[in-house]
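# Coordinate inspection notes
Chain residues, written in single-letter form:
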Amino acid sequence: MVNFPQLRLRRLRQSEALRTLVRETRIDVQDLVYPMFVVEGKDIKEEITSMPGVFRYSPDQLPLEVEEVTRLKIPAILLFGIPEHKDDYGSSAYYPEGVVQQAIRTIKNTVPELLVITDVCLCEYTSHGHCGVVTGNTVDNDRTLPLLAKMALSHVEAGADIVAPSDMMDGRVKAIREALDEKDYQHIPILSYAAKYASAFYGPFREAAESTPQFGDRRSYQMDSANVREALREVEQDIAEGADIVMVKPALAYLDVIKEVHNTFNCPLAAYNVSGEYAMLKAACRQGWLEEQPVVLEALTAIKRAGADIILTYYARDAARWLQEE
Ligand code: PBG
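Treat the numbers as computed from the prediction; the structure is a model and nothing was measured.

## Description of the overall build of the protein chain
Broken down by element type, the protein chain carries 11 helices and 12 strands. Taking 2.2 N^0.38 as the reference for a compact globule, 326 residues should give roughly 20 Å; the C-alpha atoms of the protein chain span a radius of gyration of 20 Å, in line with that estimate. Seen through its principal axes, the protein chain has C-alpha atoms that stretch 70 × 45 × 40 Å. Evaluated residue by residue, the protein chain yields a buried proportion of 54% over its 326 residues. Sequence-distant contacts in the protein chain: of pairs separated by 6 or more residues, those separated by 24 or more amount to 73%. Approximately 15,200 Å² of the protein chain is accessible, and the part contributed by carbon and sulfur atoms is 49%. Averaged over its 35 positive side-chain charges, the protein chain has a centre that lies 7 Å from the centre of its 49 negative ones.

Shown next, in the form of structure tokens:
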């Protein structure tokens, strides 16, 4: 076996040209999905305090924003809605004139080629802030399923290209698939948040989406952060129910989970670089403690290297600019 001094691993690190030639992982703007928050109203563009650079937009503000996203060659966005009216059953979630439904129509009229993915979950729409119907003190799995199916269907009827259930109820992929197929939407893919952990990294999102649970927490439905074998069972189950793309969430603290899912299944894999992960880097960069461009590209590369094909990130716009100015 060749070894030092014949073998010198530094030989291939001498110049940017050599390093580029042997680089194992590349992130590309085509891999990115940009999450966006839509609020009811007009002329609204408000920055989220804990996520500088990320805004809540009223539907009328979207054309300008999605034109920019399209110019940057980002292929897809993920939509979250913040409704005016919340109730026990999250009925604004499946209202045909709901905020997300309006947003989808506006976006599709502006840039039809931009893929619109919608988050399917009741937590932003329920008065108690849980991801499903509450019976007593528990989130009732089976009573929630028809509502999620109804919500997904109403997004698709408004023009959504992909629906992404994030509620973590058992059986929701199947329920949504059946509801879509019944209305002849067999061609609409489901991106399932298959391994979604009960994570403290969602803090800033809950400010952005006004979706903090009013009692208790989400640990009775989202996964325990200590588990990885269970993530494989979740993914296996969702693929069996008809998921077309599966997701691990969060991303940076769960790179081992991404890797394990990537090694085990042949399904396209997404990873969600969540709000807290964005906020951490943003805060440190604002303090001058980290340099933003290299640290963000390094983090996104790590997610890809672990095995993600698709990366959902609030940094998508910045990353798209950085990746294309070189
Ligand atoms: C809805 C949902 C959440 C996120 C995505 N969809 C919040 C939660 O489960 O509490 C988090 C996204 C982020 O933190 O960026 N259930």
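## Observations regarding the site of the ligand
Residues in close proximity to the ligand total 17 residues, the closest being K196, R206, K249, S275 and Y314. S275 is positioned with one of its side-chain polar atoms (N or O) 2.7 Å from an oxygen atom of the ligand. Tallied by class, residues from the shell around the ligand come to 9 nonpolar, 3 polar and 5 charged.

## A look at the pairing of strand β4 (residues 76–82)
The element β4 is largely enclosed, with a buried count of 7 among its 7 residues. In β4, alternate side chains face the same way, and those of A76, L78, F80 and I82 on one face and I77, L79 and G81 on the other are all buried. Note: strand β1 (residues 32–39) against β4, 7 bridges, orientation parallel. Note on β4: the bridge partner recorded for V38 is G81. For the crossover from β4 across helix α3 (residues 99–110) to strand β5 (residues 115–120), the handedness is right-handed.

## With respect to the packing of aromatic side chains
The full count for this structure, using the stated rule, is 11 aromatic pairs. With a centroid separation of 6.2 Å and an interplanar angle of 40°, the aromatic rings of Y193 and Y272 are classed as tilted. On the criterion of sequence distance, the pair formed by Y193 in strand β9 (residues 191–196) and Y272 in strand β11 (residues 269–273) is long-range, its members being 79 residues apart. Take Y193 and Y272: they sit in the same class, and that class is buried. Pairing Y197 with Y254 gives two aromatic rings, centres 4.4 Å apart and planes at 25°, and the pair type is stacked. Residue Y197 is located in the loop between β9 and α6 (203–209), and its partner Y254 is located in the loop between β10 (245–249) and α8 (255–264); the two are separated by 57 residues in the primary sequence. Joined through ring pairs, the aromatic side chains of F37, F80, Y193, F205, Y272, Y278, Y314, Y315 and W322 make up one cluster. Its guanidinium or amino end placed over the ring of F55, K45 lies 4.6 Å from that ring's centre, counting from NZ or CZ. A cation sits over an aromatic face here: K249 above Y202, 4.5 Å from the ring centre.

## Concerning helix α2 (residues 62–71)
One turn of an α-helix holds 3.6 residues; hence residues three or four places apart share an orientation. When we look at burial in α2, the residues that qualify are L62, E65, V66 and V69. One face of α2 carries all of its buried residues, which in axial projection span an arc of 90°. Exposed side of α2, more than 90 degrees from the buried face: L64 and R71 are the residues found there. Close packing links the buried residues of α2 with β1, β2 (45–48), β3 (51–57), β4, α3 and α11 (316–325). Just downstream of α2, K73 is the residue with a positive phi angle, here 70°.

## Considerations on the pairing of strand β12 (residues 310–313)
In β12, alternate side chains face the same way, and those of I310 and L312 on one face and I311 and T313 on the other are all buried. Where β1 lies against β12, 2 bridges are found, and the strand directions are parallel. Each residue of the ladder has a partner; that of L32, found in β12, is I311. Across 4 bridges, the pairing between β11 and β12 is parallel. For A271, the partnering residue across the bridge sits in β12 and is I311.

## Focus: the nonpolar core
With 115 residues, the main nonpolar core has F37, I77 and L79 as its most contacted residues. Sort the elements by how many residues they give to this core and helix α4 (residues 141–158) lands first, with 8 residues. Not counting the four nearest positions on each side in its chain, F37 is found in contact with I48, V54, F55, R56, Y57, F80, I82, F205, A208, A209 and Y314.

## A look at the pattern of salt bridges
Under the criterion given, the structure shown has 19 salt bridges. Measuring nitrogen to oxygen at the nearest pair gives 3.0 Å for the salt bridge that ties R71 to E68. Placement of the pair is R71 and E68 together in helix α2, with a separation of 3 residues, close to one helical turn. Its salt-bridge partner being K174, residue E178 comes within 3.4 Å of it at the nearest N-O pair.

Criteria and cut-off values
Residues numbered from 1 in each chain as written. Predicted model: local features only at pLDDT ≥ 70, side-chain atom pairs only at ≥ 80, totals over all residues. Heavy atoms only, no water. Helix = DSSP H or I, 4+ residues; strand = E, 2+ residues; numbered from the N terminus. Rg over C-alpha atoms; globule rule 2.2 N^0.38 Å. Buried < 20%, exposed > 50% of the residue type's maximum accessible area, 1.4 Å probe, protein only. Contact = heavy atoms within 4.5 Å. Areas by Shrake-Rupley, 256 points an atom, 1.4 Å probe, with all protein chains shown as cover. Lys, Arg positive; Asp, Glu negative; His and termini not counted. Charge placed at Lys NZ, Arg CZ, Asp CG, Glu CD. Near = heavy atom within 4 Å. Polar contact = N/O pair within 3.5 Å; in protein donor to acceptor, adjacent residues only side chain to side chain. Nonpolar A, V, L, I, M, F, W, Y, C, P; charged D, E, K, R; others polar. Pairing = 2+ DSSP bridges. Right-handed = clockwise from strand over helix to strand, strands pointing away. Phe/Tyr/Trp six-rings, centres within 6.5 Å; stacked < 30°, edge-to-face > 60°. Lys NZ or Arg CZ within 6 Å of the ring centre and 35° of its normal. Arc of directions from axis to C-beta. Core = buried A, V, L, I, M, F, W, Y, C linked by side-chain atoms within 4.5 Å. Salt bridge = Lys/Arg side-chain N within 4 Å of Asp/Glu carboxyl O.

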